[in-house]
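# A closer look at the structure
Chain residues, written in single-letter form:
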Amino acid sequence: TKGFWMADTTVTQALWEVIMEENPSEFKGEDRPVENVSWEDAQTFITKMNGLKAELKLCLPTEAQWEYACRAESTTPFCWGDQMDSTLVNFDGSRPYNSGSPSEERRRTVEVKELPCNDWGLYQMHGNVWEWCQDRFGDYPAEPVIDPQGVKSGGSRVLCGGSWIDSGRRCRSAYRLHGVPSDRSNDTGFRLARGH
């Protein structure tokens, strides 16, 4: 019910390097997503960014914001429809979604704007890298909720979007995974948000 801003891409290695003065990524490239960053690393980056310009009030998106933005008003498994391939998503094309045709398996990240954006101008919310969300991971409530913020306690944080190494099924708009906040992996990055 509340407006929010979502970055059009995941945080790039170029932006990360300017703020953090190092680059943990395995797949190097200024315009590739920063990866090998934990939820805690993302919080450190956000704190530093907000320290430079406090009025930004940057944060990670909630899971609900992330999925809403990913779908861009679609109701299908992917923002483009019921199926996708490697011309749209960087994923393990040898493991397509729901009996789809196999496609390219890149075995690495790609530049954040290399593949098409969704109808709202957001790039690669399906595939490339998993994206950390602000929420703790837990069961959804049984009753409908408005502007959910996730569960109040728990050790894991939500990850959305799938990645370059994942099957098509894991790249769906609604697929969620969880990770320990200190975990780092070459298939995990994050996207900035404002307003929650």
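What comes next concerns the included structure. (Residues numbered from 1 in each chain as written. Predicted model: local features only at pLDDT ≥ 70, side-chain atom pairs only at ≥ 80, totals over all residues. Heavy atoms only, no water.)

Turning to the sheet that holds strand β7 (residues 193-194), a few remarks are in order. One open sheet accounts for 3 strands, arranged β1-β7-β2; its pairing is antiparallel. With one partner strand each, in any of the chains shown, β1 (5-6) and β2 (58-59) form the two edges of the open sheet. (Pairing = 2+ DSSP bridges. Helix = DSSP H or I, 4+ residues; strand = E, 2+ residues; numbered from the N terminus.)

This next bit is on empty space enclosed by the protein. Taken as a whole and assessed by the stated rule, the structure comprises 1 cavity of 30 Å³ or more. If you add up the space inside the largest cavity, you get close to 30 Å³. Taken together, C79, W80, P116, C117, N118, L122, Y123, Q124, M125 and H126 make up the lining of the largest cavity. When the residues that make up the lining of the largest cavity are grouped by side-chain class, the tally is 7 nonpolar, 3 polar and no charged. (1 Å grid on protein atoms, 1.4 Å probe; cavity = no way out; pocket = protein on both sides within 12 Å on 5 of 7 lines; lining within 4 Å. Points joined across faces, edges and corners; volume = space filled by probe spheres on them. Nonpolar A, V, L, I, M, F, W, Y, C, P; charged D, E, K, R; others polar.)

Note that V110 resides in the loop between α3 (63-71) and β3 (130-136). Judged by its relative accessible area of 0%, V110 falls in the buried class. Separated by 14 residues in the primary sequence, V110 and Q124 place their C-alpha atoms 9.7 Å from one another. When neighbours within four sequence positions are excluded, V110 is seen to be in contact with R32, P33, N90, L115, Q124 and N128. (Buried < 20%, exposed > 50% of the residue type's maximum accessible area, 1.4 Å probe, protein only. Contact = heavy atoms within 4.5 Å.)

On to the packing of aromatic side chains. For the coordinates displayed, the defined rule picks out 8 aromatic pairs. On the numbers, 6.1 Å between centres and 75 degrees between planes, the contact of W16 with F190 is edge-to-face. Taken together, the residues span a long stretch of sequence, with W16 in helix α1 (residues 13-20) and F190 in the loop between β6 (188-189) and β7 at a distance of 174 residues. Both rings, one in F27 and one in W164, keep their centres 5.2 Å apart while their planes meet at 80 degrees; by these two values the pair is edge-to-face. Linking F27 in the loop between α1 and α2 (39-52) with W164 in the loop between β4 (157-160) and β5 (176-179), this pair joins segments that are 137 residues apart in sequence. (Phe/Tyr/Trp six-rings, centres within 6.5 Å; stacked < 30°, edge-to-face > 60°.)

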